[in-house]
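Descriptive analysis of the structure
If you want the building blocks of each chain, they are given just below.
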2 protein chains.
Amino acid sequence: MSYIILDASNLEDYLFSLPKIKTYFNADSLIIDEIGDGNLNFVFLVTSSSDTSKQLIIKQAVPYLRCVGESYPLSKDRMTYEIRSLERFAKLSPHIPKIYHSDEEMSVLIMEYLSSHVIMRKGMIEGVEYPKFAEHISSFLANTLFKTSSLYLSSSDKRKLISQFNDNSELCKLTEDFVFTAPFMEDETNAYLPELTDVADRISNDVELKTKILQLKYKFMNQSDALLHGDLHTGSIMVNQDDTYVIDSEFAFVGPMGFDVGALIANLVMSWVSHTLQDNDSRYSDLILDTINSVWRRFSEKFLTLWNETEESALLTKGFANDEILQTYQEQYMQTLLQESIGFAGCKIIRRQFGIAGVEDIRGIEDDALREKANRLAIEVGERFIKQYHTVMNTDDIMKLIKE
Amino acid sequence: MSYIILDASNLEDYLFSLPKIKTYFNADSLIIDEIGDGNLNFVFLVTSSSDTSKQLIIKQAVPYLRCVGESYPLSKDRMTYEIRSLERFAKLSPHIPKIYHSDEEMSVLIMEYLSSHVIMRKGMIEGVEYPKFAEHISSFLANTLFKTSSLYLSSSDKRKLISQFNDNSELCKLTEDFVFTAPFMEDETNAYLPELTDVADRISNDVELKTKILQLKYKFMNQSDALLHGDLHTGSIMVNQDDTYVIDSEFAFVGPMGFDVGALIANLVMSWVSHTLQDNDSRYSDLILDTINSVWRRFSEKFLTLWNETEESALLTKGFANDEILQTYQEQYMQTLLQESIGFAGCKIIRRQFGIAGVEDIRGIEDDALREKANRLAIEVGERFIKQYHTVMNTDDIMKLIKE
């Protein structure tokens, strides 16, 4: 249907106009709560008044930035890319909430309510362990990245995929500006402790660091490996002890695989920084390092398994490569992917220290001196990641760069 | 207008239905010659019967491969990409024939007839010198590649450009198959002297060579640097002593810049091979090496000049990079571009020795033994290009790889 903005007054009528949703709620009256605390969209939790176990999430994009208001226009088309990517990911991985309805015109997505899950970042700040996370997220990454790449799709299917996401310009531009640019120069959107001005100045003029950032930004803009989530930090993941779900994929586009892997590593590193400086012992922070290790190890194993099961793809015509050629190429491919992941992770870590959007793991540290220490430690790791990304050969090298 | 196939019986009516063309020919009766000798399309030369200086070229794509017939379907949409690319290039460079009319629906392009120019490959086979060629083609390459890249366009304009060409799947697939795949494996489309079977077998199992070819094919499919001509060999260039024109851009898509630069270098190298083995002295072959040198030197100078004149682009926000950072990044960028150009050139050289499409410079050598020698020499240079592309730092290194 054509676009109208949903609110408490018209949401029930809208939902009951959708047969599948009407049936789900048994046409019962609905309890509507606006629960969105994100920056971009309106999010409603809708509950059946007679059976409170029946709950759905309704997410709608409005043509402006929700947290600022109509004075900051932002195309509601972003929901189009969230819908397309979540529906694609759902075909490739079980780690996507169940989708009940989507409408690109209405910029609406209706999904399962994950009542027993929390945003992973919040859980990690509290030091909660998620023993299945590495297994789940490595599986999500391997399946979604491999199966939307030229290593799996045909040449024309890959181009069709690019067409579906190529116009997500506004959100790609947000990443280009706020991940790769503003945090590394003087910019009015930056926000950091005045004590960090010396570091900001040094970084702003560091030739080695800035040329590597340009290399990575160029890859972000010009390397169409696979369909990315585009913003895969721990705030885009919902977890509990049993499940892992990926949400909020409005930044999706066809870009460099390392950007998704790197986003995840970056946010695990920032949690490690936070726990290393605040915890009485190293149990949880060591666990985070194990998780990073495990995510990469499992991801690369699964990715290669999928690859070895694939008879033919845009890249590999049957009969082109004998086993030795394939294996040699695969090793090079995975090494480049690991290196680019670390490079992107470095950008993501540093941008969270200087840029408009901090992470709660560090920004939430109340003691100013300790927060500054956390910022500095994160920046150091980020700098090493960016400057040395080309040299990383395995997870031991990542551990060295973190703990140096 | 909606699509009809043009032929001698309906072409005049069609042309006179176009006011601009009717005016050009002064509504005079027309002499129609079908002159196309290409593989893909129908090409007519139309001449005014009362003023034979008034001549235009009418090029139309049919929904099959012209040289085979209706049994080999190929979407006529290829003309869409030729029209879009030539019109874009014409805005960026004077080295495109004047376009009088285009119609994507009709798959028709009406262009200036270059009566005093020859296909460059033919001229080079005859040993004709084109003293302005290096200057012209380096200018064409610098302007079209730079000004369709993230180094010049805004982020959203770059994405719009990708959308315009992303669906040129069929012709991209032809390149993927016939430049990067079939010539390097057993394939029924290959065509070479039986004496070369030993070399074909060796290449087919060469781990280093084939992994590098996979790297390059992957870049071709996943690296969207700039709008490419896509098939920039000496058969796609018309020249005389004064002018240089680029034609036949139906393979256009947004891909790695080095693919266009490399196509040109590859075809100059094959002409060098041909002349080195057939000429009595090295005058012309030395001139070809000078041309390769000169093309790269002038191209990189012009490319950097354009870059330095550009205040802001998708990649470089004003104020992000100081002079030292910019210059360091530019040096890295140009070095990578040179390296990729040599890698792509290597693939293009070897594919012309084994693949379905040879080049007249070598395939036209009548003496079998000499032709075999030319094939072997070209293959050797191609192999060195591919295996060592990562090590090339400057044009001296290219010369060493050619003459080794």
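Along each chain, the written sequence defines residue order, and numbers are assigned to residues from 1. Here every chain gets a letter starting at A, and every ligand a number starting at 1, in the order they are written. Side-chain atom pairs in this predicted model are given and counted only at pLDDT of 80 or more, local residue features only at pLDDT of at least 70, and totals for whole chains, interfaces and linings cover all residues.

Okay, the nonpolar core next. Counting residues in each nonpolar core, the largest one holds 230 residues, and the members touching the most others are Val 269, Ile 349 and Ala 378 of chain A together with Val 269, Ile 349 and Ala 378 of chain B. Ignoring sequence-local partners within four residues, the contact set of Val 269 of chain A consists of Ala 345, Ile 349, Val 381 and Ile 402 of chain A. Working definition: the nonpolar core is a set of buried Ala, Val, Leu, Ile, Met, Phe, Trp, Tyr and Cys residues, joined through C-beta atoms within 7 Å. Buried residues are those with 20 or more other C-beta atoms within 10 Å of their own C-beta, exposed residues have 12 or fewer, and partly exposed residues lie in between; C-beta atoms are placed from the backbone. Here, residues touch in the contact sense if the C-beta positions derived from the backbone fall within 7 Å of one another.

It is worth spelling out the domain arrangement of chain A at this point. All names here are of chain A. Boundary definitions for the domains trace back to an automatic or database domain assignment. Partitioning chain A into structural domains gives domain 1 (11–112) and domain 2 (118–403). The gap between the C-alpha centroids of domain 1 and domain 2 is 27 Å. At the junction of the two partners, domain 1 supplies 17 residues and domain 2 supplies 20 residues. Charged means Asp, Glu, Lys or Arg here, nonpolar means Ala, Val, Leu, Ile, Met, Phe, Trp, Tyr, Cys or Pro, and polar covers whatever is left, Gly included. The residue inventory of the side of domain 1 that touches domain 2, partitioned by class, reads nine nonpolar, four polar and four charged.

All names here are of chain A. Although it is not a glycine, Asp 248 sits at a positive phi angle of roughly 55 degrees. Under the scheme used here, helices are H or I runs from DSSP no shorter than 4 residues and strands are E runs no shorter than 2 residues, and both carry numbers assigned from the N terminus. Within the secondary structure, Asp 248 sits in the loop between β11 (244–246) and β12 (253–255). Assessed through the 22 C-beta atoms surrounding it within 10 Å, Asp 248 is described here as buried.

Below, the discussion takes up the relation of the copies chain B and chain A. Between chain B and chain A, which share one sequence, the superposing operator has a rotation angle of 180 degrees and an axial displacement of 0.0 Å; the RMSD is 0.0 Å. Such a combination of rotation and displacement between the chain copies is what one expects of a two-fold axis. The rotation axis passes nearest to the C-alpha of Gln 223 of chain B in chain B, at a distance of 2.4 Å. Interface residue correspondence from chain B to chain A reaches 100%, placing this contact among same-surface, isologous pairings. Here the copies were fitted onto each other by least squares, based on C-alpha atoms from residues at pLDDT of at least 70 in both.

All right, on to helix α5 (residues 133–146) of chain B then. For an α-helix, 3.6 residues make a turn, and residues three or four places apart therefore share a direction. Residues and elements named next belong to chain B. One less than the number of residues in a helix, times 1.5 Å, gives the span that helix is expected to have. In a regular helix each residue adds 1.5 Å, so 14 residues correspond to 20 Å; α5 covers 19 Å between its end C-alpha atoms and thus fits that length. Of all 14 residues in α5, twelve are buried, a share of seventy percent or more. The complete set of buried residues in α5 reads Phe 133, Ala 134, His 136, Ile 137, Ser 138, Phe 140, Leu 141, Ala 142, Asn 143, Thr 144, Leu 145 and Phe 146. For α5, the elements touching its buried residues are α3 (78–92), β9 (226–228), β10 (237–239), β11 (244–246), α10 (257–278) and α11 (283–308).

For the rest of this paragraph, the subject is the sheet that holds strand β10 (residues 237–239) of chain A. All names here are of chain A. By this definition, two strands are paired if DSSP reports at least two bridges between them. Taking strand neighbours across the sheet as the criterion, the three strands line up as β8-β10-β11 in an open arrangement whose pairing is antiparallel. Looking at which strands have only one partner, the edges of the open sheet turn out to be β8 (118–119) and β11. Note: β8 against β10, two bridges, orientation antiparallel. Residue pairing for β10: Ile 119 is matched across the bridge by Met 238.

Taken together, the 39 residues of chain B in the interface contact 39 residues of chain A. Residue assignment for the side of chain B that touches chain A shows that the elements contributing at least two residues are α6 (155–165), α7 (169–178), α9 (207–222) and α12 (323–354) of chain B. It is α9 of chain B that contributes the most residues to the side of chain B that touches chain A, eight residues altogether. A per-class count over the side of chain B that touches chain A returns 13 nonpolar, 17 polar and nine charged.

Attention now moves to the sheet that holds β11 of chain B. In space, the three strands of this open sheet follow the order β8-β10-β11 (chain B), with antiparallel pairing throughout. In the strand order of this sheet, the two ends are held by β8 (118–119) and β11 of chain B, each with one partner.

For any two helices packed against each other, the geometry comes down to the angle between their axes and how far apart the axes lie. All names here are of chain B. The contact between α10 and α11 brings their axes to 8 Å, and the two run at 165 degrees. Taken as axis vectors, α10 and α11 run roughly antiparallel relative to one another. Considering how the two elements wind past one another, α10 and α11 form a crossing that is left-handed. On α11, the residues that touch Val 261, Leu 264, Ile 265, Leu 268, Ser 271, Trp 272, His 275 and Thr 276 of α10 are Tyr 284, Ser 285, Ile 288, Leu 289, Thr 291, Ile 292, Val 295 and Phe 299. Of the residues belonging to the contact of α10 with α11, the class tally is eleven nonpolar, five polar and no charged. Convention adopted: a line fitted to C-alpha atoms gives each axis, helices being fitted over their contacting stretch, and angles between N-to-C directions are expressed from 0 to 180 degrees. Geometric relationships in this document are graded by angle, where less than 35 degrees denotes roughly parallel, more than 145 denotes roughly antiparallel, 65 to 115 denotes roughly perpendicular, and other angles denote oblique. Helix crossings are classified by the rotation of the near helix relative to the far one: an anticlockwise turn of less than a right angle makes the crossing left-handed, while a clockwise turn makes it right-handed.

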